[in-house]
Amino acid sequence: MIDLYSDTQTRPTPGMRAAMAAAPVGDEQSDDDPSTNRLCERVAALVGHKRGLFLPSGTMCNLIAVLVHANPGDELICEDEAHICGTEGAGAAAVGGVAVRTVASRHGVIEPEVLRTAIRPASRTAPRSALLCVEQTTNFAGGAIWPLSTLDAVRDVAHGAGLRSHLDGARLLNASVASGIDAARYAKGWDSVWLDLTKGLGCPVGAVLCGEDDFIEAAWRCKVRLGGALRQSGVLAAAGLYALDNHVERLAEDHQNARLIWARLRDSGLFAFDPEAPHTNILRFRLAETSHPASEFARRCRLAGVRIRAIDQRWLRVTTHLDVSQQSAALAADILVQAAAALSQSLPE
Ligand SMILES: *Cc1c(COP(=O)(O)O)cnc(C)c1O
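Residues numbered from 1 in each chain as written. Predicted model: local features only at pLDDT ≥ 70, side-chain atom pairs only at ≥ 80, totals over all residues. Heavy atoms only, no water.

Visitor: Hey, could you run me through the overall build of the protein chain in this one?
Guide: Helix and strand content of the protein chain: 14 helices and 13 strands. In terms of its C-alpha atoms, the protein chain occupies a principal-axis envelope of roughly 60 × 55 × 35 Å. Residue burial in the protein chain is summarised as follows: out of 349 residues, 54% are buried. Restricting the contact set of the protein chain to residue pairs at least 6 apart, pairs at least 24 apart contribute 75%. Distance between charge centroids for the protein chain: 2 Å, based on 35 positive and 40 negative side chains. (Helix = DSSP H or I, 4+ residues; strand = E, 2+ residues; numbered from the N terminus. Buried < 20%, exposed > 50% of the residue type's maximum accessible area, 1.4 Å probe, protein only. Contact = heavy atoms within 4.5 Å. Lys, Arg positive; Asp, Glu negative; His and termini not counted. Charge placed at Lys NZ, Arg CZ, Asp CG, Glu CD.)

Visitor: Looking at this model, I keep getting lost on the site of the ligand. Mind explaining?
Guide: Lining the immediate environment of the ligand, one finds 15 residues, of which Thr59, Asp168, Arg171, Asp196 and Lys199 sit closest. Separating an oxygen atom of the ligand from a backbone N or O atom of glycine 58 is a distance of 2.8 Å. Within the contact set of the ligand, an oxygen atom lies 2.6 Å away from a side-chain nitrogen or oxygen of threonine 59. Of all the secondary-structure elements, those providing two or more residues to the shell around the ligand are α3 (58–69) and β7 (192–196). Looking at the shell around the ligand element by element, the count peaks at three residues for α3. Taken together, the residues of the shell around the ligand break down into two nonpolar, seven polar and six charged. (Near = heavy atom within 4 Å. Polar contact = N/O pair within 3.5 Å; in protein donor to acceptor, adjacent residues only side chain to side chain. Nonpolar A, V, L, I, M, F, W, Y, C, P; charged D, E, K, R; others polar.)

Visitor: When you look at the sheet that holds strand β12 (residues 309–310) in this model, what are you seeing that I'm missing?
Guide: The strands making up a sheet associate through backbone hydrogen bonding, with each pair oriented either parallel or antiparallel. Pairing is antiparallel across the open sheet formed by four strands, whose spatial order is β9-β10-β13-β12. Only two strands of the sheet have a single partner each, and these edge strands are β9 (271–273) and β12. Note: β9 against strand β10 (residues 282–287), three bridges, orientation antiparallel. From the neighbouring strand, phenylalanine 273 faces β10, where its bridge partner is phenylalanine 285. Packing of helix α13 (residues 294–303) onto the sheet brings it into contact with β9, β10, β12 and β13 (316–319), and relative to β13 it is tilted by some 40 degrees. (Pairing = 2+ DSSP bridges. Axes fitted to C-alpha atoms, helices over the stretch in contact; angles between N-to-C directions.)

Visitor: Can you walk me through the sheet that holds strand β3 (residues 74–79) in this structure?
Guide: The seven strands are arranged β2-β8-β7-β6-β5-β3-β4 in an open sheet whose pairing can be described as mixed. Two strands bound the open sheet, and with one partner strand each, they are β2 (51–55) and β4 (99–103). For this sheet the average axis-to-axis angle between neighbouring strands, irrespective of direction, equals 25 degrees. In the sheet, β2 pairs with strand β8 (residues 207–211) via five bridges, with the strands oriented antiparallel. The partner of leucine 55 across the bridge, within β8, is alanine 207. The strands touched by helix α2 (residues 34–47) are β2, β7 and β8; relative to β2, the strand with the most contacts, the crossing angle is about 125 degrees.

Visitor: Teacher, can you tell me more about the packing of aromatic side chains here?
Guide: Centre-to-centre distance and the angle between the planes together describe a pair of aromatic rings. What the rule picks out here adds up to four aromatic pairs. Seen from their ring centres, tryptophan 262 and phenylalanine 273 are 6.4 Å apart, and the 70 degrees between their planes marks the pair as edge-to-face. You can see tryptophan 262 sitting in helix α12 (residues 251–268) and its partner phenylalanine 273 sitting in strand β9, a full eleven residues away along the chain. Just as tryptophan 262 is buried, phenylalanine 273 falls in that class too. Considering the side-chain rings of phenylalanine 271 and phenylalanine 285, the 5.5 Å spacing of their centres and the 80 degrees angle between planes classify their relative orientation as edge-to-face. Highlighted residues: phenylalanine 271 in strand β9 and phenylalanine 285 in strand β10, separated in sequence by 14 residues. Ring pairs connect the aromatic residues Phe271, Phe285 and Phe297, which therefore count as one cluster. The ring of tryptophan 315 has arginine 284 lying over it, and the distance from NZ or CZ to the ring centre is 4.4 Å. (Phe/Tyr/Trp six-rings, centres within 6.5 Å; stacked < 30°, edge-to-face > 60°. Lys NZ or Arg CZ within 6 Å of the ring centre and 35° of its normal.)

Visitor: Honestly, the environment of isoleucine 261 in this entry has me stumped. Any pointers?
Guide: On the secondary structure map, isoleucine 261 appears in helix α12. Since its relative accessible area comes to 0%, isoleucine 261 is described here as buried. For the pair isoleucine 261 and valine 337, spaced 76 residues apart in the sequence, the C-alpha separation amounts to 9.8 Å. Excluding its chain neighbours within four sequence positions, the residues that come into contact with isoleucine 261 are Leu4, Leu283, Val318, Thr320, Ala329 and Ala333.

Right, dumping it as structure tokens:
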């Protein structure tokens, strides 16, 4: 099975496992785990923020950011397909009492004017617009890279209207490797930002949430409250340190493989894409002939040995990662083309 379902499907490499086994450890929640401390310092420096906080998942990074930046009855603004909106168990609402307002975007990139219009004027009746959440790169919206100027502009619109800004950088390093723009430059001026260790970086567990002192102190309280405070987490942090040393530059290979798959799909004429071509390791596409649901196509691909993800009724997602070689990517593309050709011959039930 060639698993293109998600870049979370990687297994820790032998080198990573060795680093984990050798990690110096201590009690994380007393700041005594040297490996976790090193990882937090390193990620904070990478994204240009003062401090980092090691958390079990990106979902917890987003939830804690919402809890720190917004109060019950407030509203956060994100784009329609954002992970925080549709894929986190409605944590903002269920745990934080924070409503989610979605706005339209072009493959996940929100125009500053759209944001400006969505921010509510202060009133007795409306929820308070409190927080902007943006993904760099966008996930279900297509792995797109926000242009730096647009990213800066929405941050400024948010701050100008008194909102806080949160950058969901699950795949920020993919954006950085693909564009050549430093992660710290993308994250400049945002009130919080995080990196996922379990996506392109290939770690089994963890994410690092970053911000200034006040933010991290408040985030620590939430982490404890949510049961995210850890003990000898150095065995996990060591995987992150190893990944930062060994798995960042190679993200370019994932991007090339996504492009290779895209080129074969495009040449078949059987597919349509959004964005037009992959920016990073995510390829978002649909069948040009749309009478079959995306899930049926995904089912057939799986039977033929390739696992992909149906995002909704129409759109599908392919994600390249550490455990997908160029050869596997090429083979997978051919299988997808064959499956689409076969499906276009058969009528929907
Ligand atoms: C994966 C992902 C998350 C959640 O991270 P987990 O580590 O899976 O909890 C949040 N936002 C985006 C954009 C993601 O891709």
